[in-house]
Structure formats: C-alpha cells, structure tokens
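Per-entry structural report
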Amino acid sequence: MRVPVGVKVGLVSLVVMGAYSGYANYIPQVQSKPPQELSLEGGHVTPAQLVKAGEEIFHTKGTCEICHRVGQKGTRAPDLAGIGARAGKTKPGMGAKQYLVESLLQPAAFIVEGYPPIMPAVDKPPIALNRSEVWAVVAFLESLGGTVDVTLDDIPATVGAGGGGAAAAEVKIPGDPKAGEAVFMGKGTCLACHIAGKVGAGKVGPDLSQIARIQTPDYIMAKILNPAGRGTVAGYPKGVMPQTFGQTLSAKEYTDLVAFLLTLK
Amino acid sequence: MSARRRAGALLVLLGLAVLALTLPAAAQDAAKEPAYRAFPLLGSRLAVWAIAQLHLNFAAFILGVPIFAVIIEIIGWRTRDARYDWLSHEFVKLTFAAFSTTALLGALLLFLFAGYYPKFWTYMSSIFFPTYGIYAALFFAETFTVYLWYYGWDWLSGPRKGIHVALGVLSNLFGTAILLVANSWVTFMISPAGITESGALKGSVWAAINNYTWMPINIHRLIANIVFGGTIAAAYAAFRFLGATSDEERARYDWMGYIGNFVALSAFIVLPFAGYYLGREIYAFNQTMGITMMGGFMSWLWIIQAILIGVLFLGSNYYLWLGMERIPGSERYRRYVPMMIGILAFGFMVWATPRSMVITLDEARAMGGTHHPVLGFLGVMSAKNTAVNMMILTTFLSFVLYRRANRISTRSWAGAGMLIQWAALVAAAVVVIFYGVYGYFVESLVRIGFSVYQVMAVLGAIVVVMAIDIPMFRGARSTGAIRWGTIAPRSQYVLIILAVTFTWLMGLMGFARSGIRQHWHVYGVMVDKSVDAATPAIGYAANVITVVTIVFFALVMFIFWLGGLSDRGQAGAHGHAPAPLIAGGSDEQA
Amino acid sequence: MNVLRSRFTQAVLLLVLAFAIFKFGIRPPAPWSVLTLYMAIVFLATIVYVSSDSDSWREFLGPLRTTVMDPGKRPLRIALGIVIPVLLGYYAYTQAAAKPQAPPELRAVHPAPPASIQFRGKEITIAGVENPLRKDTASLGKHVAAGGEIYIKNCVYCHGDNLDGKGMFAYGFNPPPANFEDPGTIAMLQEAFLFWRIVKGGPGLPKESTPWNSVMPAWEDRLTEEQIWQVIMYLYAATNQQPRRWESSH
C-alpha cells in the first residue's frame, strides 16, 4: 500500500502545527482585558456592586478625594461621612437621592453653610463621568450611612451626553504657560499664598497643584478677577485674596496666568 | 495561466483601486453609522484576523519570491548557466499564480474593515487618504511590470537579457514600495505619530507615516518576506521531489529545494538583528508597551517564538548535513556534526528558558521564590542574545562546511587561511560569550549596548571567513560532483516542516504585533470598544493561527496544482525553457 | 553486535543522561514545565543526531525494525504491547487524579507597571521617573538611614534582616517574599517600579501576576511618599546593588 505524497506531507504539517498549537494551549492562559468603562445600563446590578463601583470612581476617575474626605475634614469641602443619612435632611423638600444627584450635577444649586461654590459639575469635563458612573457614585454616597435606593431612572438621561470621555471639548487659552508661571511668581505675587506644584510655598491660600483637574477654566478665570464673588475655600481666611488683579494685570499677563494654572494637573 | 485568469486578476485590482478611491465618500456617511457591525457566526475580529493573516501570507509570498527570483536570474545571466534562468522563471510562475489571490484577499480585507469597523476605517482614512491613491498606482505599476517580466522572458532573452533583468529589479522596487505604504498604516496603529491629542492630523501625512516602528517593520518584513518566499519555494520543490517519478526530475527539484533553502537561510541569519531593532524602537516609543510585550502579558509568546526559531535553526542545519551525503568528499566533515548539534541544542534550551516559569506552588516553595535562582539567569536577555548569536555562528559553520564538502583547495596558503578562518570563528564565539557573561555584572543600560558588540563580532567573523573562503576555493580540486537527487527523502520533509514553521511563526508575530496594542485600535488614540476588545490568550491565538495556516497551505496547493494543469496541457507547445539537466551537472554551487 | 555501540542504545542513554542531569543537576529543582521543555529539545536533537547520516539512521532503526518484524521477537512484542499501554494508562491516571494542589499558574515575575498611579488621591507618574531623593546628594546617607529604620519597622518581618526574603513570617507564605539579594530582583528594576509595588502591594498587581499570589500589603495608607523613596534607597544601599536606569527615548 502506498500512501500518496500529499497525504504524507499533509500529515507531517498537521502534526507540526498541532504540536505548536498544543504547547501554546498547554501553558496557562492569560487574557488581556480592556479596563472597565463602567456601563451598568440595562444590566442587573445589585446595590452592593453599584456601591463598590461608585467607591472606585470616588477614589479615581471622579477625583472627589482632592477636596472631599470620608471621616475627616477635607481641605476644601465637607466631610462626607454619614452623608447618606444627612442628605435627606439637608435641603428642605428634597429626598436624599434627589439631593445627591443635584449636588453632583448642579453643585452650586445648594451650598453647605461655610463652604464656597467651587465644586464643578461631575458630568462635565474635566471629570466627565457618564450616566452609569454618576449613578454608581450616588449609590456609594447613599451607602455612607443611608440606604441605597437610587435607580438609573433617577439620573437624568442627558447626563454625560454633552461630550464625555475622550470627546471632551478642549479649551484653548491663548496664553503662554511659561510666561504665566513668571506672572505667578512675579507680578501677580500669587506664590506668597499659594503652592502650584513645584513653585510657591504659601499656606495662606489653597494648594493649586492640581487645580486644573478639579476646576473648569471659567471658574479659574472668574476667581482671579472676582475672588470674593466666588466664595472662599473652607478653612482659609476670608477676604484675603486681593480684588485688584483686574486692574494690576495686563490682559496678556492674565491669560498667561490662566494658561499656566490650567497646566496644573 | 490562461487569459481568463489574467483578466480576472486585473478586474479584482481595478475593483480594489476604485473601492479605495470611493471609500472616503462612503465614509462621510459613516458618522451616522454604528461604530461596529457584527460579522455573522465568526465575529468581526476573527474574520478580519483570518483574512488579514491570509492576505499577508500571500503578499509576503508574492513580494518575497520575486526578490530572489531576480537574484537568481542575475546569477544565471552572469554565469550563463541555464539552470538558474529556468529556476528563476519557475519561481516567477509560482508568484504569478498567487497574484490574483493576494489581490482578492486584499479587497476582502478592505470590505471587512469598511463594513464591520466603519468608524475605525473612517479614522484611518482621515489620516491616510493621500496614501491610498499611491498604493493603488503602485499596485498597477507592480502588476504590469511583473506581467512584462513574466511574458517577456523569451522575447527579452539573449542580448536583451539586461533589459529583462532591469524589469525584474523594477518590479521588486514597486513591490517594496507597496510594502512600505501598507506598513505605514499598520505601524501607525501601533505607534501613532504626527497627530494632535484628539487624533487629528497635525501637519503633513509624512509625520504619521514615518512613525517609530515604520522603518524597523519595513526592514524586518522585507527580510522575513525573502525567508518566507525561500521556504515556500523550497517546500514546493520538496513536494515535487517526493512525487517525482524519474531520477532526472528528482535531481532538478532537489537542486531547486537547495537553492530555495539557501536563500531563506541567508536572509534568516540577519532576521534576529532586525527584530531586535524593532523591539528597541517599541521601547523607545512607549516603555509600558515594551514591557507588556516582553515581560508582561505577552512574555510567553516569546518562549513559543523561541521554540519555533529553534526548530528553524536545527532544521536548516539538519538539511545541510543531510545534503552533504550527496557530495563525495564530505565525509571529512562529519566529525563536526555532534559538536554543532550540541551547541544548537544548548542554545535552543537557553533561548527557550522562560523568565516567568509555569510553576506549581510546591515548586515555587522549593525554588525559594517565583523565579529560579539558577535558571533565572538563562531567562534574561544577556543569555538569550548569547545563545542566538552562537546558533547563528554554528549555522554559518554548517554552511561553510557544506560549501567546501567536495572541494580541496589548491592554494599554497590554504593551511594558513584555514587557521585564520577557525581563529575568526573562535574569536567571535569568545567575544559573544564574554559579553554574555559580563552582561550579568553591569547595569541593564550598559548591558543593552553589549548586544551590539556581539552582533558585530558575529558579522565580522562571517565577513572574514567568506573573504578568505572565496579565493581559497577558486579553482579548487574536486573530489566528485554533487549527486543531485540522491538526498534522503526525510530531508524533503524537513524543508516542508521549515516552511510550515515559518508560516506559523509569521502568524504568531502578526498576533504579537497586533496584540501589543491591547484594547486600542490606534494605540492611545482610538479605543477598541467592540465586543472583542479583550486580547485573547495565547492558546486561542495559536488555534486561530493553525487553522489559517492550514487554509493558506490548502490554497497554495490548489493554486500550484492549477499551475501544473496548464503546464501539462501545453507540454512542449510553450516552447520556453526546457528544464535543464541537473543530475551530475556542474559542481559549481551557489 | 555490542549493545553499547548500537545507535539505539546510545540514543536512549543520551536521553536518560540528559534527564538525570536536568533532574538532579539543577539545584533547587527546576519546575516540571521547564524540565519537559528541555527534554523535548534534547529528544529533537537526539533524533537529528542519529539521523544526520544514512548509515547511522539505518543502524538506529535496526532494533526498532527487528522488534516489529522479526518472528523471533514475538515475546518481546507481546511484552511491549502490554507494558506501553499500561504506562500510558498510568500517565493518564496521574494527570486525571485529583491532587491536593492548585494547578500550575503562569505568573509574570515583573509585570508591566502602569504609566502613573494614584497615591492618596495624587497622581504620580511611574514611567521614566527617578527617585527624587537622589537629587539631594548632600543628605543621601540621612535618607538611607531613615529608610533602614522604616525597613526594620515594617518590612523586616517578611523580607528578613538580611533582605533575603527569609523574615520570621516568610515561612507562612507561598510563594515566599522577594529576596532583594538576588540579582534578578531589584537590580533589574527601576526605582519607580519598586515605588509602584510598595504603594499598591499585592492587591495592585495586574491580572498576569495573579493578585492572590502575593500578600504584600499596599503601603500607601501607612507610609508617606518620601518614606517609600527612602526605604527604596535603603534596599539598594544595603544589598549593594544599583537600580536600573530608564532608557532615554529619542
């Protein structure tokens, strides 16, 4: 019996490839999963999962911890320990979850006594949480002393639609950050009170090292020109910041300074 | 090749070009389209993966084979040896048969991208649109030059042979240019450049083309294509050899297989250096990507790669040793074989030693940690570079011995020359091992520089040995002609295994190239949000590669079979290049 | 025919010898997965060796051929016909039988670090970062001394007073804690890599390093940024090793 050449060659090839494939399957398998972008819509999520996801966002993407702490007074914002229990009683006529949702999406609508209106809306850049993520954060906050009863329907459907994630509208300030740094240290004398990353040492005013991560350009621009009008960050002396930058700085110096502050991430 | 098939190939090309030019218009509507569509049954990723791998296999073949076909044609032209001219024609015939399949698969790939990854495709078009036209134009130029080259074989023979060779060179230049254009798209996905943070093109498209990995991939692919073309041609010859019915036919295909393997081997020896350059550029582009590739998620892929390359080294040497049996006088060199096997096997083991080992907890306990205190030394770059350089030297030695198997130098200085050659080889080995060992005593940054010295030592030894060898054996006394066709049949299976292994290796490296992007379409710019965003484990990848490789070889067999049919139908009528007699022919070697 | 000079015997002896060397010559014992890989390579090389010329190949096949074909070898054939299936069956049994042991895992020893990490809400870049304390050349000794104190207060229990991973608790852990004396650990890594590992500990390991295999705590809540950099300086100073530098990208 003679086996045709094609069959023999085919068998040899199959054995060789089978050996390679077999060895590759013999070693333990590791898959590389993409990082989770939280999307809970439509799925069945238990409150526990939701709270866990919210806590993760609180620590990471939400950048909440730059100002807020749980169990200790934050540098700029209220302690959130027990917020779940407190939230329902804070603003008259508003339930816990409605209040929390409002605080996240329209922070200026109700300001806790003693704190300035500095919080940015979390569904807008630079934080830009999507609808699911806001939902999870609310659930996490409710879990701090309250019961988790928030559902996706409590979060307005418009949340995050206005350009979240990578599509964030980039604001271009036509200033020169390098020159702005010089203004910060020189003519503006900002460094007397503020720290900005590597420069400055003053503890009179809040640390600005990460200001661009937590504040919008509008806020920064308005705050320089009208410090009192934007309130004073909690824990710092009121009315200390000069009201006169609008007169002392030239337009170029002002835009340079803002450009510099926007590099502080 | 019938006229109908030719027309078919042209039609496909035309379709491809039209498609490439009209797509952006379609892409503008794509804004309203979904970002992904699902390919039925298989899923979009698997479909694109399979077709891309097949297309690349064929493309590598039709780009690689003509490169050495033209080299062989030049050899035949200069030496007036009809065998080479016949062989070159034979190779171009093989290329020709694969041409339309390549174009067809390319068009299919395009459909898949545009249809199932519309958003990705729109983005790529927004960057690379100017290059599409160039690509299409080059494809036309390439096709027509190859047509002229193939069909003008008889017409441009004799005194006009020079023009014919120039056509061959020209078609290769076009082919290489096509490769460069296509590489720019692929490398942009790995290491995007020339774009703003939001991904829009900043200046000219040239900055996007000339990204970190473009040049290294160009070089790496070009060399690998030659190797690939050579192994496939050798496997074809092996197949014909095994099925041959006459001694004359056996002799002819034995010789063809030898030449194919020789070309593959010569290019293969420099391939590790090109790969090293590519790796360095990936690190330079992004450290995290480099570490993910070499030490993280993909680290085991390199162990499998080491096994495949070890098989290639061992197989090529084995083929040379078996080939020496058909050369009278080669018995003198048999005694070196055990030593060479020893070095190759040891080098193979070192190279395949994993850095992250598969261990049970008990074994980890016994080893005192998750990495082995002794074998751990073999898992790092210092040991692996040393191993691969030693394997290259050994392979080169095999080749040198093969070359002189039936020749005895008549030069008076042959003894001294031989001594210098050995000294050069030993010196290179000493340098390689010295820097390999010394590498453990210096910090990493210095160690990386050592690999350059190792490479220089090996290349230097190769140059010195060949510079002495060529004059030393000019006009040498022969101990007998090569008995083509008497090689043991198992050597032909080795050629086939080499081709299969190399094809599989190409698939694996394709997975590596694509996998290091992980969950990105374009690294750092465009996230993969499809259902297939996860990068699969190595076992799954290996299964896909195996299946695609089987399909590839089935298609190649079918195409070759078709080519054989037309030959048989027109036997004698064609009038071209009667296969020259090879058995007991000249004892000249390539 | 002399048994010892037969190719077949030589090949078998070669394999046995290689196995003995790999099994008993490598101390501590090599993992089974590596052993099988080496043996496969030696087997391949042996086959190449015996078949690299036709005489040798014929000689090698001789005993096999006679065993299968020779009428006189019938008892041997029957014996092999029983022994080989039994051995295969035994192998299948050992593979299928449940063992009181976790299956082997693929563990990346040094996984790719993230480009940056969150340290107490602050973003710290990892890629390309040098130890900031090294710039302060005047007080290097002070930082190393402070690092030593931190090490003794926190790390010594597991990583040992000789920094060899043999602290008093080490024997409770499998795999054992990292041995910094080993040139394959910290000497191969940038300081920023160590910073990441200390800050995020076992829980922060990526998937390919199977997080549940390390009990290293995440120190970010217990040590400050400066303290971590100090202890890293101590690790290198005490083991007399140099950290890996970052490659300058061009």
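About the criteria used
- The numbering scheme is per chain: residues are counted from 1 as the chain's sequence reads.
- In the order they appear in the text, chains get letters beginning with A and ligands get numbers beginning with 1.
- In view of the model being predicted, local features appear only for residues whose pLDDT reaches at least 70, and side-chain atom pairs are presented and counted only at 80 or more, with totals across whole chains, interfaces and linings using the full set of residues.
- Here the side-chain values reflect all heavy atoms present in the structure, with hydrogen atoms and water set aside.
- Put simply, DSSP H or I for four residues or longer makes a helix, DSSP E for two residues or longer makes a strand, and each gets a number counted from the N terminus.
- The reference for a compact globule is 2.2 Å times residues^0.38; the radius of gyration itself is calculated from the C-alpha atoms.
- In this analysis, two residues are considered to be in contact whenever any of their non-hydrogen atoms come within 4.5 Å of each other.
- In these tables, accessible area is a Shrake-Rupley quantity obtained with a 1.4 Å probe, and a residue counts as shielded only by the protein chains included in the view.
- Domain start and stop points were drawn from an automatic or database domain assignment.
- Summed over both partners, buried area is the accessible surface (1.4 Å probe) that two parts give up on being assembled.
- For salt bridges, the criterion is a side-chain nitrogen of Lys or Arg within 4 Å of an Asp or Glu carboxyl oxygen.
- Under this grouping Gly is polar, as are all residues other than the nonpolar Ala, Val, Leu, Ile, Met, Phe, Trp, Tyr, Cys and Pro and the charged Asp, Glu, Lys and Arg.
- Whenever a nitrogen or oxygen atom comes within 3.5 Å of another N or O atom, the pair is scored as a polar contact, on the condition that within protein one atom can donate a hydrogen and the other can accept it, and that pairs from neighbouring residues in sequence are kept only if both atoms are in side chains.
- Nonpolar cores were defined as sets of buried Ala, Val, Leu, Ile, Met, Phe, Trp, Tyr and Cys residues, with membership established by side-chain atoms within 4.5 Å.
- Each residue is placed in one exposure class: buried if its accessible area under a 1.4 Å probe, protein chains only, is under 20% of its type's maximum, exposed if it is over 50%, and partly exposed if it falls in between.
- What makes a patch is a set of residues exposed beyond 30% relative accessible area and free of salt bridges, joined within 9 Å when like-charged and within 5 Å when nonpolar (Val, Leu, Ile, Met, Phe, Trp, Tyr).
- By convention in this document, the label disulfide applies to cysteine sulfur atom pairs within 2.5 Å.
- When DSSP finds two or more bridges between a pair of strands, those strands are recorded as paired.
- Per-residue confidence from the predictor is reported as pLDDT, a score between 0 and 100.
- Here the axes come from fitting lines to C-alpha atoms, over the contacting stretch only for helices, and the angles between their N-to-C directions go from 0 to 180 degrees.
- When describing relative orientation, an angle under 35 degrees is termed roughly parallel and one over 145 degrees roughly antiparallel, while 65 to 115 degrees is termed roughly perpendicular and anything else oblique.

Attention shifts here to the overall build of chain C. Of the regular secondary structure elements, chain C holds seven helices and three strands. Helices and strands appear in chain C in the N-to-C order α-α-α-α-β-β-β-α-α-α. Computed over C-alpha atoms, the radius of gyration of chain C comes to 27 Å, more than 25% over the 18 Å expected from 2.2 N^0.38 for 250 residues, which places it beyond the range of a compact globule. Contacts in chain C between residues at least 24 apart in sequence constitute 61% of all its contacts with a sequence separation of at least 6. Split by element, the accessible area of chain C, about 13,700 Å² in all, is 64% carbon and sulfur.

This part is about the domain arrangement of chain A. Often the size quoted for an interface is simply the accessible area lost on bringing the parts together. Residues and elements named next belong to chain A. Taken domain by domain, chain A comprises domain 1 (47-167) and domain 2 (177-261). Of the residues lining the interface, 15 residues belong to domain 1; the matching set on domain 2 comes to 16 residues. Regarding the contact of domain 1 and domain 2, the summed buried area is about 1,300 Å², with carbon and sulfur atoms giving 58% of it. Between the two partners, domain 1 and domain 2, sit zero salt bridges. Partitioning the side of domain 1 that touches domain 2 into residue classes produces 11 nonpolar, three polar and one charged.

Bringing the interface of chain A and chain B into the picture now. At the junction of the two partners, chain A supplies 24 residues and chain B supplies 32 residues. Of the roughly 2,400 Å² buried where chain A meets chain B, counting both sides, 75% is carbon and sulfur surface. Its largest share of buried area at the contact with chain B, chain A owes to Met17(A), Tyr20(A) and Ser32(A), together 26% of the area lost on that side. Counting every contact that joins chain A to chain B gives zero salt bridges. One can count seven residue pairs in polar contact (both at pLDDT 80 or more) joining chain A with chain B. Each residue belonging to the side of chain A that touches chain B can be placed in one class, and the counts come to 14 nonpolar, seven polar and three charged.

With that settled, consider the pattern of salt bridges. Oppositely charged side chains may form a pair once their charged atoms are brought near each other. Tallying each qualifying case throughout the model produces 17 salt bridges over all chains. Notably, a salt bridge pairs Asp154(A) with Lys97(A), separated by 3.2 Å at the nearest N-O pair. Pair noted here: Asp154(A) is in the loop between helix H5 (131-143) and helix H6 (177-185) and Lys97(A) is in helix H4 (residues 96-105), with a separation of 57 residues, a long-range link. The shortest N-O distance in the salt bridge between Arg252(B) and Glu248(B) comes to 3.3 Å. A residue pair is termed a helical-turn pair when its members lie 3 or 4 positions apart in one helix, as Arg252(B) and Glu248(B) do in helix H8 (residues 247-285) at four residues.

Okay, the interface of chain B and chain C next. Listed per partner, the contact involves 60 residues of chain B and 57 residues of chain C. For the pairing of chain B and chain C, the buried interface totals around 5,100 Å² over both sides, and the portion due to carbon and sulfur atoms is 63%. Across the chain B-chain C interface, the total number found is one salt bridge. Salt-bridge contacts for Asp53(C) lead to Arg334(B); the nearest nitrogen and oxygen are separated by 3.9 Å. Seen at the junction of chain B and chain C, the total is five residue pairs in polar contact (both at pLDDT 80 or more). For the side of chain B that touches chain C, the secondary structure elements donating two or more residues are H8, helix H9 (287-294), helix H10 (299-324), helix H11 (337-352), strand E1 (358-359), helix H12 (361-367) and helix H15 (444-472) of chain B. Ranked by residue count, the leading element in the side of chain B that touches chain C is H10(B), at eight residues. For the side of chain B that touches chain C, the class distribution of residues is 36 nonpolar, 14 polar and 10 charged.

Okay, the nonpolar core next. Membership of the largest hydrophobic core comes to 211 residues, with the highest contact counts inside it found for Phe91(B) and Phe128(B). The element that contributes the greatest number of residues to this core is H10(B), accounting for 19 residues. Contacts of Phe91(B), omitting those with residues within four sequence positions, involve Val65(B), Phe68(B), Ala69(B), Ile72(B), Ala233(B) and Met256(B). Among the nonpolar cores identified, the runner-up in size contains 33 residues, and Ile117(C), Ala192(C), Val199(C) and Trp229(C) belong to it.

Now for a nonpolar patch on the surface. Residues and elements named next belong to chain B. The grouping of Val426, Val430, Ile433, Phe434, Val437, Tyr438 and Phe441 at the surface amounts to a nonpolar patch, some 690 Å² of accessible area in total. Mapped onto the elements of the fold, Phe434 is located in helix H14 (residues 414-438). Looking at Phe434, the relative accessible area reads 46%, which means it is partly exposed.

Next up on the list: the environment of Ala97(C). Residue and element names in this part refer to chain C. Position of Ala97 among the secondary structure elements: in the loop between helix H4 (74-96) and strand E1 (105-106). Judged by relative accessible area, which is 24%, Ala97 ranks as partly exposed. Between the C-alpha atom of Ala97 and that of Thr125, which follows or precedes it by 28 residues, the distance is 48 Å.

Looking now at the environment of Leu262(A). Residue and element names in this part refer to chain A. Within the element layout of this structure, Leu262 appears in the segment after helix H10 (251-261). Expressed as a C-alpha distance, the spacing of Leu262 and Pro217, which sit 45 residues apart in the sequence, is 7.2 Å. Residue contacts for Leu262: discarding those within four places in its chain leaves Ile173, Ala212, Pro217 and Ile220.

Turning to the state of the cysteines, a few remarks are in order. Considering all chains together, one arrives at zero disulfides over all chains under this definition. Looking at Cys190(A), it has no disulfide partner, and the nearest cysteine sulfur is the one in Cys193(A), 8.8 Å off. What makes Cys190(A) buried here is its relative accessible area of 14%. Of the cysteine sulfurs around Cys158(C), a residue in no disulfide, the closest is that of Cys155(C), at 8.8 Å.

What follows concerns the side chain of Asn385(B). The residue Asn385(B) is located in helix H13 (residues 381-403) in this model. Judged by its relative accessible area of 12%, Asn385(B) falls in the buried class.

Another point: the pairing of strand E3 (residues 122-125) of chain C. Residue and element names in this part refer to chain C. Looking at chain direction, strand E2 (residues 116-119) and E3 are connected through four bridges and run antiparallel. Note on E3: the bridge partner recorded for Gln118 is Glu123. Where E2 folds back on E3, the antiparallel hairpin that results is connected by two residues, among which Arg120 adopts a positive phi of roughly 50 degrees.

Turning to the confidence of the model for chain C, a few remarks are in order. Confidence along chain C averages 84 in pLDDT terms, with 91% of residues attaining 70 or more. In the model output, the complex is listed with pTM 0.72 alongside ipTM 0.85.

All names here are of chain C. Look at the link from Arg27 to Pro28: it is a cis peptide, with omega at -10 degrees. Take Pro28: it is sitting in the loop between helix H1 (7-25) and helix H2 (32-51). In the Ramachandran plot, Asn240 falls in the positive-phi region, its phi being about 60 degrees despite a non-glycine side chain. Judged by its relative accessible area of 70%, Asn240 falls in the exposed class.

All names here are of chain B. Running from amino to carboxyl end, helix H3 (residues 82-116) crosses H8 at an angle of 75 degrees, the nearest separation of the two axes being 11 Å. The orientation of H3 with respect to H8, classified from their angle, is roughly perpendicular. Mapping the contact onto sequence places Arg83, Tyr84, Trp86, Leu87, Glu90 and Phe91 in H3 and Arg252, Tyr253, Trp255, Met256 and Ile259 in H8. Residues of the contact of H3 with H8, tallied by class, amount to eight nonpolar, no polar and three charged.

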